[in-house]
Amino acid sequence: MSRGAHDKAAPRHLLFKGFTGFLLGFPLALWLSWLLMYGGLLPAYLPVRDQIAMWLAVLLWCAAPCVAFLAQSRKQCAAAFLLANVAAFAAWKVLQ
């Protein structure tokens, strides 16, 4: 199989996946860190709970583009991030 035929058969869409990870990963990271802080997953007596949640948001946002590159297509990447954002938003609304 030649390189040209392989590239046409399985496009990578790297730019789209990267932008999707950065743009849709940001609100997802914020909602997940909020859920960790106020959803009862981090102990209330922990004095540095706010700092832990704040730095977890940064780590989650950095992990989002990495996870986006695991998708096989643009459609799968966008759908996964949109569904994750909807689920995190619904959990945020329930716990708010």
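Preceding block: the structure.
Residues numbered from 1 in each chain as written. Predicted model: local features only at pLDDT ≥ 70, side-chain atom pairs only at ≥ 80, totals over all residues. Heavy atoms only, no water.

Some remarks on helix α4 (residues 74–95)
Because each turn of an α-helix spans 3.6 residues, side chains separated by three or four positions end up pointing in the same direction.
Thought 1: Across its 22 residues, α4 extends 32 Å between first and last C-alpha, which sits within 8% of the 32 Å expected from 1.5 Å per residue.
Thought 2: Taken together, the buried positions of α4 are occupied by Cys77, Ala78, Phe81, Asn85 and Ala88. The arc that holds every buried residue of α4, seen down its axis, measures 105 degrees, which confines them to one face. Facing away from the buried side of α4, by more than 90 degrees, are the exposed residues Lys75, Leu83, Val86 and Val94.
Thought 3: In this structure, the buried residues of α4 make contact with α2 (14–38) and α3 (49–68). (Helix = DSSP H or I, 4+ residues; strand = E, 2+ residues; numbered from the N terminus. Expected span 1.5 Å × (residues − 1). Buried < 20%, exposed > 50% of the residue type's maximum accessible area, 1.4 Å probe, protein only. Arc of directions from axis to C-beta. Contact = heavy atoms within 4.5 Å.)

Some details on the packing of aromatic side chains
Thought 1: Applying the stated criterion to the full structure yields six aromatic pairs.
Thought 2: Arranged with centres 6.5 Å apart and planes meeting at 35 degrees, the rings of tryptophan 31 and tryptophan 92 form a pair that is tilted. One end of the pair, tryptophan 31, is in helix α2; the other, tryptophan 92, is in helix α4, and 61 residues separate them in sequence. (Phe/Tyr/Trp six-rings, centres within 6.5 Å; stacked < 30°, edge-to-face > 60°.)

Notes on a nonpolar patch on the surface
Thought 1: A cluster of nonpolar side chains, Leu15, Phe19, Phe22, Leu23, Phe26, Leu30 and Trp61, forms an exposed patch at the surface whose accessible area comes to about 740 Å².
Thought 2: Of all the elements, α2 adds the most residues to the nonpolar patch, at six residues.
Thought 3: Position of phenylalanine 26 among the secondary structure elements: in helix α2. (Patch = residues over 30% accessible without salt bridge, like charges linked within 9 Å, V, L, I, M, F, W, Y side chains within 5 Å. Areas by Shrake-Rupley, 256 points an atom, 1.4 Å probe, with all protein chains shown as cover. Salt bridge = Lys/Arg side-chain N within 4 Å of Asp/Glu carboxyl O.)

Comments concerning the packing of α2 against α4
Thought 1: In contact at an axis separation of 9 Å, α2 and α4 are set at 15 degrees when each is read in the N-to-C sense. When the axis of α2 is compared with that of α4, the two are roughly parallel. Viewed along their axes, α2 and α4 form a crossing whose handedness is left-handed. Between α2, through Phe16, Lys17, Thr20, Gly21, Leu24, Gly25, Pro27, Leu28, Trp31, Leu32, Trp34 and Leu35, and α4, the contact on the second element is made entirely by Arg74, Cys77, Ala78, Phe81, Leu82, Ala84, Asn85, Ala88, Phe89, Ala91, Trp92 and Leu95.
Thought 2: Here the contact of α2 with α4 is composed, by residue class, of 18 nonpolar, four polar and two charged. (Axes fitted to C-alpha atoms, helices over the stretch in contact; angles between N-to-C directions. Parallel < 35°, antiparallel > 145°, perpendicular 65-115°, else oblique. Left-handed = near helix turned anticlockwise from the far one by under 90°. Nonpolar A, V, L, I, M, F, W, Y, C, P; charged D, E, K, R; others polar.)

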